[in-house]
Amino acid sequence: MNIVIDVRCLNEYPLTGVPTYAIAVLNNLFSLDKTNNYLLFNNTYYSENENLKFLIAQWTKNQNVRYFNLHWPNKILNFLLKFKLVCLDKILSRRNIIEKIDCWWSPNMNYLNLSSNIKLLLTVHDLSFHLFPDFYSFKERLWHWGIGYKKLFQRANRLLSVSQSTAHDLQSLGIPVEKIKVLPLGVETSVFYKIVDENKLSDFKQKYNLPERFFIFVATLGARKNLKLLIEAWLGLPATARRACRLLLIGKKTAYWETLSRDRWGGGRRNYDQLWGDVGIRIFSDATPGDLPYFYNLAEVLVYPSCYEGFGLPPLEALACACPVIVGGNSALLENFSEAITIDVDNPDELQDLLFAFVHGKINKELAFPKSFNVEKYSWKNYAENLLNLMESL
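Colleague: Requested: an account of the pattern of salt bridges, with residues and values cited.
Modeller: Taken as a whole and assessed by the stated rule, the structure comprises 11 salt bridges. Among the salt bridges present, the one from Arg 224 reaches Asp 126, with a minimum N-O distance of 3.9 Å. Of this pair, Arg 224 sits in the loop between strand 8 (214-218) and helix 10 (227-235) while Asp 126 sits in the loop between strand 5 (120-124) and helix 5 (128-131), placing them 98 residues apart in sequence. Overlapping salt bridges bring together Asp 126, Arg 224, Lys 225 and Glu 309 as one network.

Colleague: Lay out helix 17 (residues 348-359) in plain terms, naming residues and giving numbers.
Modeller: Compared with the 16 Å implied by 1.5 Å per residue over 12 residues, the 16 Å span of helix 17 between its first and last C-alpha is a close match. Buried within helix 17 are the following residues: Pro 348, Leu 351, Gln 352, Leu 354, Leu 355, Ala 357, Phe 358 and Val 359. For helix 17, the N-terminal cap is Asn 347; the gap from its side-chain oxygen to the backbone nitrogen of Asp 349 is 3.1 Å.

Colleague: Tell me what's going on with empty space enclosed by the protein, and back it up with residues and numbers.
Modeller: Following the criterion strictly, the structure yields one cavity of 30 Å³ or more and no others. As a volume, the largest cavity reaches approximately 30 Å³. Along its surface, the largest cavity is lined by Asp 6, Arg 8, Cys 9, Pro 107, Asn 108, Met 109 and Asn 110. The residue inventory of the lining of the largest cavity, partitioned by class, reads three nonpolar, two polar and two charged.

Colleague: Could you give an account of helix 6 (residues 138-147), with specific residues and numbers?
Modeller: Taken residue by residue, helix 6 has His 144, Gly 146 and Ile 147 as its buried positions. The buried residues of helix 6 all sit within an arc of 160° when viewed along its axis, so they share a single face. Residues Phe 138 and Trp 145 are exposed on helix 6 and point more than 90 degrees away from its buried face. Backbone geometry just after helix 6 places Gly 148 at a positive phi near 60°.

Colleague: For the layout of surface pockets, give the residues involved together with the corresponding values.
Modeller: Of the pockets and cavities examined, the second largest pocket occupies roughly 300 Å³. Lining the second largest pocket we find 14 residues, and of these Lys 84, Leu 112, Ile 147, Gly 148 and Lys 151 sit closest to its centre. Mapped by element, the contributors of at least two residues to the lining of the second largest pocket are helix 3 (74-82), helix 6 and helix 7 (149-155). Each residue belonging to the lining of the second largest pocket can be placed in one class, and the counts come to seven nonpolar, three polar and four charged.

Colleague: Give a description of the pairing of strand 5 that names residues and reports values.
Modeller: Across the five residues that make up strand 5, a large majority, five, are buried. Side chains of strand 5 alternate between two faces, with Leu 120, Leu 122 and Val 124 and Leu 121 and Thr 123 buried alike. Two strands pair when backbone bridges link them, and strand 4 (residues 103-106) and strand 5 are joined in this way by three bridges, in the parallel orientation. Paired with Trp 105 across the bridge in strand 5 is Leu 121. As judged from the four bridges shared by strand 5 and strand 6 (residues 158-161), these two strands associate in the parallel manner. Paired with Thr 123 across the strands is Leu 160, a residue of strand 6.

Colleague: I'd like a rundown of the sheet that holds strand 6, residues and numbers included.
Modeller: Spatial ordering of the open sheet is given by 3-2-1-4-5-6-7, a layout of seven strands whose pairing is parallel. Edge positions in the sheet fall to strand 3 (65-69) and strand 7 (180-182), since each of these pairs with one other strand and no more. Shown here is a sheet whose adjacent strand axes are inclined to one another by a mean of 20°, direction ignored. As judged from the five bridges shared by strand 1 (residues 2-6) and strand 2 (residues 37-42), these two strands associate in the parallel manner. What sits directly across from Val 4, in strand 2, is Leu 39. Packing against the sheet, helix 8 (residues 164-172) makes contact with strand 5, strand 6 and strand 7, and its axis sits at approximately 165° to strand 7.

Colleague: So, a nonpolar patch on the surface: which residues are in play, and what are the values?
Modeller: Together, Phe 79, Phe 83 and Leu 85 give the surface a local cluster of nonpolar side chains, amounting to about 330 Å² of exposed area. On the secondary structure map, Phe 79 appears in helix 3.

Colleague: For the pairing of strand 1, give the residues involved together with the corresponding values.
Modeller: Where a strand is regular, its side chains alternate between the two sheet faces. Most of strand 1 sits inside the fold, with four of its five residues counted as buried. With respect to chirality, the unit in which strand 1 leads through helix 1 (residues 17-32) into the neighbouring parallel strand 2 is right-handed. Two strands pair when backbone bridges link them, and strand 1 and strand 4 are joined in this way by three bridges, in the parallel orientation. In the strand pairing of strand 4, Val 4 is matched with Trp 104.

Colleague: Pulling in residues and values, what's your account of the side chain of Arg 242?
Modeller: Inspection of the secondary structure puts Arg 242 in helix 11 (residues 239-244). We note that Arg 242 is buried and unpaired, the nearest opposite charge coming from Asp 278 at a distance of 9.6 Å. From its side chain, Arg 242 meets the backbone oxygen of Leu 237 in a polar contact 3.3 Å long.

Colleague: Requested: an account of the environment of Ile 343, with residues and values cited.
Modeller: Here Ile 343 is to be found in strand 13 (residues 341-343). Once the C-alpha coordinates of Ile 343 and Asn 330 are considered, the two residues, 13 residues apart in sequence, prove to be 8.8 Å apart. Every residue in contact with Ile 343, bar those within four places of it in the chain, is listed here: Leu 229, Pro 305, Ile 326, Val 327, Gly 328, Gly 329, Glu 350, Leu 351 and Leu 354.

Reading guide: rules and limits
Residues numbered from 1 in each chain as written. Predicted model: local features only at pLDDT ≥ 70, side-chain atom pairs only at ≥ 80, totals over all residues. Heavy atoms only, no water. Salt bridge = Lys/Arg side-chain N within 4 Å of Asp/Glu carboxyl O. Helix = DSSP H or I, 4+ residues; strand = E, 2+ residues; numbered from the N terminus. Expected span 1.5 Å × (residues − 1). Buried < 20%, exposed > 50% of the residue type's maximum accessible area, 1.4 Å probe, protein only. Polar contact = N/O pair within 3.5 Å; in protein donor to acceptor, adjacent residues only side chain to side chain. 1 Å grid on protein atoms, 1.4 Å probe; cavity = no way out; pocket = protein on both sides within 12 Å on 5 of 7 lines; lining within 4 Å. Points joined across faces, edges and corners; volume = space filled by probe spheres on them. Nonpolar A, V, L, I, M, F, W, Y, C, P; charged D, E, K, R; others polar. Arc of directions from axis to C-beta. Pairing = 2+ DSSP bridges. Axes fitted to C-alpha atoms, helices over the stretch in contact; angles between N-to-C directions. Contact = heavy atoms within 4.5 Å. Patch = residues over 30% accessible without salt bridge, like charges linked within 9 Å, V, L, I, M, F, W, Y side chains within 5 Å. Areas by Shrake-Rupley, 256 points an atom, 1.4 Å probe, with all protein chains shown as cover. Right-handed = clockwise from strand over helix to strand, strands pointing away. Lys, Arg positive; Asp, Glu negative; His and termini not counted.

What follows is the structure, given as structure tokens:
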């Protein structure tokens, strides 16, 4: 088979959930399959980021994997695809990149137009942009309108859903259940595991000058992750509690975070990081993926009060590192982490009380960890095997 994989989602760096998913799946897929031919399709007007260059170099060591970058300005390509003025498969054919495409897999939604005979497999991570548009900026809402997600769902031959929750949301849009395949995400246990080497943990603490005790939040600092509730709960704690156990926010800053900071500290050219630090909050916007296992291992608990998730990868990574989690009691979080500590995402007092209990030892890591959690259920290798079977069946 000739399979095209759309890797435009990997142009985003630092990595967020979707690129992390795509990288994990491709690593396992290319280790598994040495028979089918793969073309990685990308479009960046300028050169790829250094992280992507490294990945391409590794993947294309496989004789059955090639890479192609169209190098068109994204706005022009998106316009042409939006109004069906070009087909990506025909562009590839005219340039003698690939003649016959048996399957096109998009690990995430994007502007796309293919000939009607091309089999399309599309991964859908969540429908937050449809269910909760207020969580998104005007520019982000415009992008989702531009890709025409409802028509894209209809065009796809099969939709890969990362959870039953997302599958249910797709069905609410009129997508037939037989068109949806649910494949839960995985976790790389060679990366995310309980670190027992105290010297490694101590060195990491020194590297970032970390406090003795801390809570962590891991996600893009956006509205859907419910940072407003987390900040309100945190600031409601006594100053002594905030000094005893700090709060680390690990994720890319957004316009929403800047607005939240201005609302709290006022406008002007102020050092918001220092002001947040004064109340026990540190922001790590440049932490690398390799840092995350150490943060999880050292933390008291991962606080993840998200309003809505298609799956919830950070809680899974944390649990794989033996770090307990507090999650919002909704969507796929309830599906995947029902035995973890769940909270009402509209009640900051409930979260505040939980944080206070952790600080003062009324709840400890061992008691908070869900006893039934089995990391073996979440395998990227199994995911890649199921994905390959699905592509070959189209």
